[in-house]
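Each chain is listed here by its residues.
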Amino acid sequence: MRAAGQMSAATATRPRRIEAAPFRQLLVRKGLPYALIAPALLVILGVLGYPLAMLVWLSTQHYGLRELFQHQGRFAGLSNYATILADPQFRYALEVTAIFTLVNVALSMIIATFIALLMERVSSFVRVLLGAGLVFVWATPVIPSIDLWQWMFDYEFGVVNWLLTRIGAGNYIHHNWFENPLQGFTVITVVVVWGAIPFLALMLHAGLTQVPRELVEAAQIDGARGWQVFQNVTFPTLKPLLLILLSLSTIWDFQVFNQVWVMLDQRPSQDYFVMSVFSFQESFRVSQYGLGSTAAVIMVAILAIASFFYVRQTVRSIEEFGR
Amino acid sequence: MRKRLVRSSYDAVGLLVLAVIMFPIYWMVTTALKPGREILSLTPYWVPAPITFDNFKTAMQVPFFWNDVVNSLIIVLTVVVISVVLAFLAAVAVARFGFRGRSAFVVMVIAVQMVPLNALVIPIYLLLDSVGQVDSLLGVIAYYMAVVLPFMIWTLRGFVHNIPVDLEEAAMVDGASRVGAFMRIVFPLVAPGLVATAIFGFIQAWNEYIIAYVLLSSSSKQTLTIWLASFTTQHGTDWGGLMAGATLTALPVVVFFLLVQRQVTGGLTAGAVKG
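Residues numbered from 1 in each chain as written. Chains lettered and ligands numbered in written order. Predicted model: local features only at pLDDT ≥ 70, side-chain atom pairs only at ≥ 80, totals over all residues.

Asker: How would you sum up the overall build of chain B? Please name residues and give values.
Answerer: Within chain B one finds 13 helices and two strands. In summary, chain B has a C-alpha radius of gyration of 24 Å against a globular reference of 19 Å for 275 residues, an excess of more than 25%. The dimensions of chain B, computed from C-alpha atoms along their principal axes, are 75 × 75 × 30 Å. For chain B, the proportion of its 275 residues judged to be buried stands at 47%. Long-range pairs, those at least 24 residues apart, make up 75% of the contacts in chain B with a sequence separation of at least 6. (Helix = DSSP H or I, 4+ residues; strand = E, 2+ residues; numbered from the N terminus. Rg over C-alpha atoms; globule rule 2.2 N^0.38 Å. Buried ≥ 20, exposed ≤ 12 C-beta atoms within 10 Å, placed from the backbone. Contact = placed C-beta atoms within 7 Å.)

Listed below in structure tokens is the structure:
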């Protein structure tokens, strides 16, 4: 209101410009939006688009140390793909990543849904506390959070080993969690799920509050019980949100890197080679940039499928609710 | 009576969940405040008995700490200032103008956030290597800009979109030019959104790991997330120092995050359920 008042005062002293040529006006009007998006578009295309194209191109190149010094790869056709698909280590990486993603997405979604439903049922005091706690965990940056879990699972002085021994789950004194990859991945899963839960739970809780009360009550009057209400009323309302969260979690968990890399002090053994670590190792440790790129391209291609669902769902909801 | 019992058992479960998810953070902060013998103890000390700041002092004396604080700040501030401006311009175009290719641009902005950086880091490294820009802050800054821009455009689009066009039109009826109306009406209203978006960009850039890890090889040029690895040597890990360092690294992010969380999170699911 105040701004509008200042506005008319300011313009009163200035004559209006109405003599601009119609053609120029048209040009300005048509061109303006493009001029506005141009700088951002240039940065995104130049800094993300170009490397993405180069990644695909690199996957068709033989690019080792010698090529690195010459800044010039040697064309190798699709032979990198043949090499990598025949590599048992790569197949292992693909399998482990798929299983890891499945387990982590399922666990995070289930626990987050549980917390979101719980938040609906607790007293408002506990709800506020729980919400604040979730935001706190959410805010904790990923690298410090990996470090703190590393400390909690330390083989010698880790609090987890002490706790497990104490509650009688077995003898965990001086237990090294990373000797056995299955146990190691369990720890990594704990870190990933712990980090993912706040975002998912808060989003789901926000979504739950949007479920129309009248619908729930109508269903209850018609005789629906707890689970039936969830299945027939809550779930259909939440479905768009669930789809988005599911695809986002898949995208995040499938490309997991930091949790593995930092947790294992930047020297993971081959047992821990998920897709992203495999690609990183091939490129920056073995200096086979062509092969590393090939693995990365395969990873991006798989991710593109999950992204497709995410983007489609997001665009749909803009069309429905945005402008 | 029974209803109250059910409610309070839900409350009990809620508090238990809260305790479990908060414990790691509690453990990080208290470890950082404990003297060494309480950290390296087979039976854990739940509360630091004499609170000590020695671990923080050690952490700050680790070589390159202040250096890396400065690097992180230079990178993050440059990224934020430039990308907020670029993102704002693009957001205005998307929220206020109908133009050919707008939908394509919106789809690209959403989709590009899904591209994994740990795949792109290979060509990024080779590209910068061929122009001699590896191990320079400039390369990192350019990449962080591209990383934060899509999210910023997306969030700001929402803020601009929520300002009624009528306000602008009223100003134009009063005789303001389009740019004038924009600067005097839209800009002040969108300012909180700009601040929130800037802070979120700050957090993203501050937390980034892999690009900085690959590109910044000399210790004088690293950022804080990379610096945290320096507590782990062949002789083992200085847990007290590491927890202090982790707390220090996390602190600005947590503070900022708590400030803007409400305003920005809508952009994360892009209004999947109307909100």
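The rest of the description comes next.
Asker: Give a detailed account of the overall build of chain A, specifying residues and quantitative values.
Answerer: Looking only at helices and strands, chain A features 14 helices and two strands. Whereas a compact globule of 323 residues would reach a radius of gyration of roughly 20 Å, chain A reaches 27 Å, over 25% beyond that. Projected onto its principal axes, the C-alpha positions of chain A cover 85 × 70 × 40 Å. Across the 323 residues in chain A, those meeting the buried criterion constitute 40%. Considering only residue pairs separated by 6 or more positions, chain A has 65% of its internal contacts joining residues 24 or more positions apart.

Asker: Provide a residue-level description of the interface of chain B and chain A, including the pertinent values.
Answerer: With 88 residues of chain B in contact, the opposing surface of chain A contributes 89 residues. Per-element accounting of the side of chain B that touches chain A gives the leading share, 15 residues, to helix H1 (residues 2-32) of chain B. Classifying every residue of the side of chain B that touches chain A by side-chain character gives 67 nonpolar, 16 polar and five charged. (Nonpolar A, V, L, I, M, F, W, Y, C, P; charged D, E, K, R; others polar.)

Asker: How would you explain the domain arrangement of chain B if you had to name every residue and give the values?
Answerer: Residue and element names in this part refer to chain B. What the domain assignment lists for chain B is domain 1 (2-52) and domain 2 (55-269). Measuring from the centre of the C-alpha atoms in domain 1 to the corresponding centre in domain 2 gives 33 Å. Domain 1 puts seven residues into the contact, and the matching count from domain 2 is eight residues. Those elements that place two or more of their residues in the side of domain 1 that touches domain 2 are H1 and helix H2 (36-39). Residue contributions to the side of domain 1 that touches domain 2 peak at four residues, all from H1. Looking at the side of domain 1 that touches domain 2 residue by residue, the class counts come to four nonpolar, two polar and one charged. (Domains from an automatic or database assignment.)

Asker: Give me the lowdown on unusual backbone geometry, citing residues and values where you can.
Answerer: Phi is positive for His71(A), close to 55°, though the residue is something other than glycine. Mapping His71(A) onto the fold places it in the loop between helix H3 (65-70) and strand S2 (74-75).

Asker: Outline the confidence of the model for chain A, listing residues and values.
Answerer: Residue and element names in this part refer to chain A. Overall, the prediction assigns chain A a mean pLDDT of 88, with 92% of residues at 70 or greater. Mean pLDDT across the elements of chain A bottoms out in helix H1 (residues 2-12) (40) and peaks in helix H5 (residues 88-121) (96). Across residues 1-16 the pLDDT falls below 50, and counting only partners more than four positions away or on other chains, this stretch makes 17 contacts in the model. (pLDDT = per-residue confidence, 0-100.)

Asker: Explain helix H10 (residues 213-221) of chain A to me, using residue names and the numbers behind them.
Answerer: H10(A) sits mainly on the outside: zero of its nine residues count as buried. In the segment just after H10(A), Gly223(A) is the residue with positive phi, at about 100°.

Asker: I'd like to hear about the confidence of the model for chain B, residue by residue, with values.
Answerer: Residues and elements named next belong to chain B. For chain B, the mean per-residue pLDDT works out to 87, and 95% of the residues sit at or above 70. Per-element mean pLDDT across chain B ranges from 49 in helix H13 (residues 266-269) up to 94 in helix H4 (residues 65-96). For residues 268-275, every residue scores under 50 in pLDDT, and the model assigns this stretch 27 contacts once sequence neighbours within four places are set aside. This prediction of the complex comes with two scores: 0.87 for pTM and 0.87 for ipTM.

Asker: Give a detailed account of helix H6 (residues 124-139) of chain A, specifying residues and quantitative values.
Answerer: All names here are of chain A. The end-to-end C-alpha distance of H6 is 22 Å, a good match for the 22 Å that 16 residues give at a rise of 1.5 Å each. Burial in H6 covers these residues: Val126, Leu130, Gly133, Leu134, Val137 and Trp138. Axial view of H6: buried residues confined to an arc of 135°, hence all on one face. Exposed side of H6, more than 90 degrees from the buried face: Ser124, Phe125 and Val128 are the residues found there. (Expected span 1.5 Å × (residues − 1). Arc of directions from axis to C-beta.)

Asker: So what's going on with the nonpolar core? Residues and values would help.
Answerer: Formed by 172 residues in total, the largest nonpolar core has its most connected members in Ala40(A), Leu200(A), Ala87(B), Ala90(B), Ala91(B), Leu149(B) and Ile153(B). Broken down by element, this core gets its largest block of residues, 15 residues, from helix H7 (residues 137-161) of chain B. Each residue touching Ala40(A), except ones within four places of it in the same chain, is listed here: Leu86(B), Ala87(B), Leu89(B), Ala90(B), Leu149(B) and Ile153(B). (Core = buried A, V, L, I, M, F, W, Y, C linked by C-beta atoms within 7 Å.)

Asker: So what's going on with the packing of H4(B) against H7(B)? Which residues, and what values?
Answerer: How two helices sit against one another is set out by the angle between their axes and by the gap between those axes. Residues and elements named next belong to chain B. Packing of H4 against H7 leaves a shortest axis separation of 6 Å and a crossing angle of 40°. Of the possible angle classes, the one that applies to H4 and H7 is oblique. Considering how the two elements wind past one another, H4 and H7 form a crossing that is right-handed. Here the residues of the contact of H4 with H7 are counted per class, giving 24 nonpolar, four polar and two charged. (Axes fitted to C-alpha atoms, helices over the stretch in contact; angles between N-to-C directions. Parallel < 35°, antiparallel > 145°, perpendicular 65-115°, else oblique. Left-handed = near helix turned anticlockwise from the far one by under 90°.)

Asker: Run through the environment of Arg225(A), naming residues and quoting values.
Answerer: If you trace the backbone, Arg225(A) turns up in the loop between H10 and helix H11 (226-254). For the pair Arg225(A) and Val191(A), spaced 34 residues apart in sequence, the C-alpha to C-alpha distance is 36 Å.

Asker: Lay out the packing of H5(A) against helix H9 (residues 181-209) of chain A with the relevant residues and their values.
Answerer: All names here are of chain A. At their nearest, the axes of H5 and H9 sit 7 Å apart, and the two run at 40° to each other. What the angle tells us is that H5 and H9 run oblique. H9 is crossed by H5, and the crossing has right-handed handedness. Residue composition of the contact of H5 with H9, by class: 18 nonpolar, five polar and one charged.

Asker: For the environment of Thr58(B), give the residues involved together with the corresponding values.
Answerer: Within the secondary structure, Thr58(B) sits in helix H3 (residues 54-61). Setting aside chain neighbours within four positions, we find Thr58(B) in contact with Gly241(B) and Ala244(B).

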